[in-house]
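Analysis of the macromolecular model
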Amino acid sequence: MKKYRIGILGATGIVGQRFVSLLGSHPHFEIVSLTASKKSAGRKYSEIVDWYMRNDIPENVRETIIVNNTDKEISRENLDIVFSALPSKLAYDIEIDLAKEGIAVFSNTNAHRMDIDVPILIPEINANHLQLVGKQKFGTGFIVTNSNCSTSGLVFGLRPLQKFNIREVYVTTYQSISGAGKKGVASMDILGNVIPFISGEEEKMELETKKILGTFDGEQIQDADFDINASCARVPVLEGHLESIVVNFNEDVSLEEINQSFKSFNGLDTNTFPTAPMNPIILTLEDDRPQPTRDLLTEKNLGMAITIGRVRRKGTSVNFFLLVHNTLRGAAGASILNAEYALQEGFLK
Ligand SMILES: NC(=O)c1ccc[n+]([C@@H]2O[C@H](COP(=O)([O-])OP(=O)(O)OC[C@H]3O[C@@H](n4cnc5c(N)ncnc54)[C@H](OP(=O)(O)O)[C@@H]3O)[C@@H](O)[C@H]2O)c1
């Protein structure tokens, strides 16, 4: 099978490093190009990257020379696919330019997430939204995004419950510092502290969730019609976003029905989609879980599954906690799964 030529934009950042570590030995994708800012350009990847991942830098990219993000050099690398982990403002034009050159752009940034013809794709949840790229005007290239990191957890908590006629959702997040990128949050601000503000995060959660859980009618996406009210906080945790969720329904739903809906939520075929988890939702029944240090990366969960726990029913409401890995399911892993899905659906040339 053909190996697709891959570029990773922003390869020295937290999400970029996650891409590099996941794509070091991928069956369909081969890293050809790595980009970063002007200060890193022209240097060997292993010399300039401040490597945060637990596994080693893949051998095949250690010597790769970094290309400047804004350089026309990116287009000279004859790439099939780019994974974008750039700061959003910078990404806006670059992603359009690359799509116009016929490249399939899988983006982590929020630059184009809310564009009317760009899907926020999560194959287990809204696979048919990928058809929206047919509305884009880039020729053979296109842009597909994945959601903001906290949204990527929330939608897995809500999708199995949508059949019960949701009226409104309240979500409060406890988000890790790696979600703020490699510069993160100053230690003086976060150590022993909680910061009840993450710029733009609440708006992103509210808008993206309604789009992801909306219906594609063949022309455009009709947003899901329930209200979402988000409050986001940064906590002194390295990785993993915990979320407390309250869902109010228009009808009575039993605790058994809710738990069963979480348990029976279907995954993709892991033979076809190497990055997909067998079970996208892991339901824990223990009193004090999920916890970032215990449930984020386990034998059963390599970071692409969401852990849900402490499910409680009160009248026509249900409360639960949910844990998502912000750089795997919330970023690089999600984007790679989207590319695997686009490949399988015949969208990659
Ligand atoms: N962190 C998460 O959990 C997460 C989750 C979902 C989505 N995202 C999104 O993913 C994107 C990347 O996030 P991140 O956390 O990986 O950020 P990051 O750690 O700060 O990395 C940013 C990357 O962009 C490059 N860069 C920064 N400023 C630049 C400039 N002015 N010109 C050219 N290149 C520049 C950096 O290169 P140098 O090393 O050379 O500076 C680095 O490679 C953002 O859009 C973010 O919102 C992040």
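No experiment lies behind these values; they were computed from the predicted model shown. (Residues numbered from 1 in each chain as written. Predicted model: local features only at pLDDT ≥ 70, side-chain atom pairs only at ≥ 80, totals over all residues. Heavy atoms only, no water.)

The next point concerns the sheet that holds strand β3 (residues 67-68). Pairing is parallel across the open sheet formed by six strands, whose spatial order is β3-β2-β1-β4-β5-β6. Lying at the two open borders of the sheet, with one neighbouring strand each, are β3 and β6 (142-145). Sheet topology note: the strand β4 (residues 81-84)/strand β5 (residues 104-107) ladder contains four bridges and is parallel. Bridged to Val-82 within β5 is Val-105. Across the face of the sheet, helix α1 (residues 14-23) comes into contact with β1 (4-9), β2 (29-36) and β4 while running at roughly 155° to β1. Sitting on the sheet, helix α12 (residues 328-344) is in contact with β1, β2, β4, β5 and β6, with an inclination near 150° to β5. (Pairing = 2+ DSSP bridges. Helix = DSSP H or I, 4+ residues; strand = E, 2+ residues; numbered from the N terminus. Contact = heavy atoms within 4.5 Å. Axes fitted to C-alpha atoms, helices over the stretch in contact; angles between N-to-C directions.)

Moving on, we come to the site of the ligand. Residues in close proximity to the ligand total 27 residues, the closest being Thr-12, Ser-37, Ser-40, Asn-69 and Lys-182. Here an oxygen atom of the ligand sits 3.2 Å away from a polar atom, N or O, in the main chain of Gly-10. Here the ligand has 900 Å² of accessible area as a free molecule, and 80% of this is covered by the chains. Elements supplying a minimum of two residues to the shell around the ligand: α1, α5 (88-100) and α12. (Near = heavy atom within 4 Å. Polar contact = N/O pair within 3.5 Å; in protein donor to acceptor, adjacent residues only side chain to side chain. Areas by Shrake-Rupley, 256 points an atom, 1.4 Å probe, with all protein chains shown as cover.)

This part takes up helix α7 (residues 149-158). Burial analysis of α7 places ten of its ten residues in the buried class, the great majority of the element. Of all the residues in α7, the buried ones are Cys-149, Ser-150, Thr-151, Ser-152, Gly-153, Leu-154, Val-155, Phe-156, Gly-157 and Leu-158. (Buried < 20%, exposed > 50% of the residue type's maximum accessible area, 1.4 Å probe, protein only.)

To continue, consider the nonpolar core. By size, the foremost hydrophobic cluster in this structure holds 40 residues, and its most contacted members are Phe-29, Tyr-45, Phe-106 and Leu-348. Mapped onto this core, the elements with two or more residues apiece are β1, α1, β2, β4, β5, β6 and α12. Per-element accounting of this core gives the leading share, seven residues, to α12. A domain-level breakdown of this core finds at least three residues from each of domain 1 (4-148 + 331-344) and domain 2 (149-325). Aside from chain neighbours lying at most four places away, what touches Leu-348 is Tyr-4, Phe-29, Ile-81, Ala-104, Phe-106, Phe-142, Ala-339, Ala-342 and Leu-343. The next biggest cluster of nonpolar side chains, apart from the first, holds 37 residues, and it includes Leu-161, Met-205, Phe-262 and Leu-283. (Core = buried A, V, L, I, M, F, W, Y, C linked by side-chain atoms within 4.5 Å. Domains from an automatic or database assignment.)

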